[in-house]
Each structure stands twice: as C-alpha cells, then as structure tokens.
Amino acid sequence: MNKQELRASALEQRKALTLNQVQEQSLKITNLLLGLDIWSHKIYHTFLSIEHQKEVQTEPLITLLHGKDKTIVVPRMKEEGQLEHVLLEENTSIAIKRFGVPEPLNGSLISEDQLDVVFVPLLCFDRSGNRLGYGKGFYDRFLSKTKPNTLFIGLSLLDVLENALEPSAHDIPLHMAVTPETVYRFTS
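Residues numbered from 1 in each chain as written. Predicted model: local features only at pLDDT ≥ 70, side-chain atom pairs only at ≥ 80, totals over all residues. Heavy atoms only, no water.

> I keep staring at the packing of aromatic side chains and nothing clicks. Help me out?
In this description, a pair of aromatic rings is defined by centroid distance and the angle of the planes. A full pass over the atoms with the stated rule returns five aromatic pairs. Pairing Phe125 with Tyr184 gives two aromatic rings, centres 5.4 Å apart and planes at 65°, and the pair type is edge-to-face. Linking Phe125 in strand 7 (residues 124-125) with Tyr184 in strand 11 (residues 183-185), this pair joins segments that are 59 residues apart in sequence. There is no split in this pair, since Phe125 and Tyr184 are both buried. With a centroid separation of 5.5 Å and 65° between ring planes, the pair formed by Tyr139 and Phe142 is classed as edge-to-face. Residue Tyr139 and its partner Phe142 are both found in helix 4 (residues 138-143); the two are separated by three residues, about one turn of the helix. Residue classification places Tyr139 among the buried residues on the basis of a relative accessible area of 12%. Cluster of aromatic residues (ring-pair linked, three or more members): Trp39, Tyr44 and Phe119. Residue placement shows Arg141 over the ring face of Phe138; its charged tip is 5.7 Å from the ring centre. (Phe/Tyr/Trp six-rings, centres within 6.5 Å; stacked < 30°, edge-to-face > 60°. Helix = DSSP H or I, 4+ residues; strand = E, 2+ residues; numbered from the N terminus. Buried < 20%, exposed > 50% of the residue type's maximum accessible area, 1.4 Å probe, protein only. Lys NZ or Arg CZ within 6 Å of the ring centre and 35° of its normal.)

> Sorry if this is basic, but what is going on with the sheet that holds strand 1 (residues 43-46) here?
Read across the open sheet, the seven strands follow the order 3-2-1-6-9-10-11; overall the sheet is mixed. The sheet is open, and its two borders are formed by strand 3 (83-87) and strand 11, each paired with just one other strand. The sheet shows a mean angle of 25° between the axes of neighbouring strands, taken without regard to direction. Examined bridge by bridge, strand 10 (residues 176-178) and strand 11 share three bridges and lie antiparallel to one another. Residue pairing across strands places Met176 opposite Arg185, the latter belonging to strand 11. (Pairing = 2+ DSSP bridges. Axes fitted to C-alpha atoms, helices over the stretch in contact; angles between N-to-C directions.)

Spelled out as structure tokens, the structure:
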C-alpha cells in the first residue's frame, strides 16, 4: 500500500472504534506512559485530540502531567503550515479551529528548542519508528526545529505496521511509540 492508501485504511480502522473504546484505549496508553523512564524532564509538548478523528485522547495524559507538576505546551497552527507552541495554563482558552483541531486562543509562546518531550499524534507507524500522519507536514517541520536530545513519543490506538513505511527526506522518525498494549523503542 502507498501512503495515501495506508492513511485511508488507518482512518477507517479508527472510525470503527466506539467512543468508549477510544477512552479505554487512551487510558491504557497513559498508564503505559506512567511506567516509562521519561518523567525527569521539565517541559512536555502534547497535542490536543481531534475528537472526530478518534485520536488518542490526551486529557488523561494532561492530567498526569499536571499531577507530576510538569510544564505543558500545546500546538497552534499558523497559516504557513507551521505550528507555534503555547504554554497550557488554567486560564488558557481552547477552541476548535481549522481541520477540527482544538487550539489555545491565548497564552505564552514557547520555542521549540525548550521542549524536552513531544507526544506526537499519528495514524500509524512501522518498526523503525517511521510515522504516518495526515500528510500536511506540520509535525515534520516542527520536530526538525527541536533540540537534538528532544524525545519524540508517538501515541497510537493502532498497533505497529508489519510492512515498513518508505520515509521521505523530510520525515522525522520517533524515538518511541505507545499503543494500548505495547511500548515500542526505536534506534536512529
């Protein structure tokens, strides 16, 4: 399958999930994250879930990060296909914007080079840490601007692909991926 066919297949698999299944699987992912050795860092970036796409729900993760007294940063899309990164605080207002993406309306901007850990949304991934998203390139452009030791962790409701993805020159691989059942670690 090519990337377009893989995207369509992954989207269909996710659409077949009930809201209850998405909630249960998202909690399992958060529980697996809790057991990882990633909590000594300070600044964590996470996406806000697109509900109609049945993405991993990040509310439990955000609650976990708050409980561990971590600094939380979330993305906001800019017009030119770039993301900017906003500190998530109690008074941060969130609204559904382009593509149905929840985004912060206010808050302090944080530069990419300050981020320690990035939780990455994805449709699917392979055993080498190559990931497939929606094809707009927002995250590849973003991840390429982080500091060299920033940890990229993909969150997926679907298990690893058995066939390798053919990465493009601009694709940024993951360091880890977490599904409801398994933690995958990749070497670059």
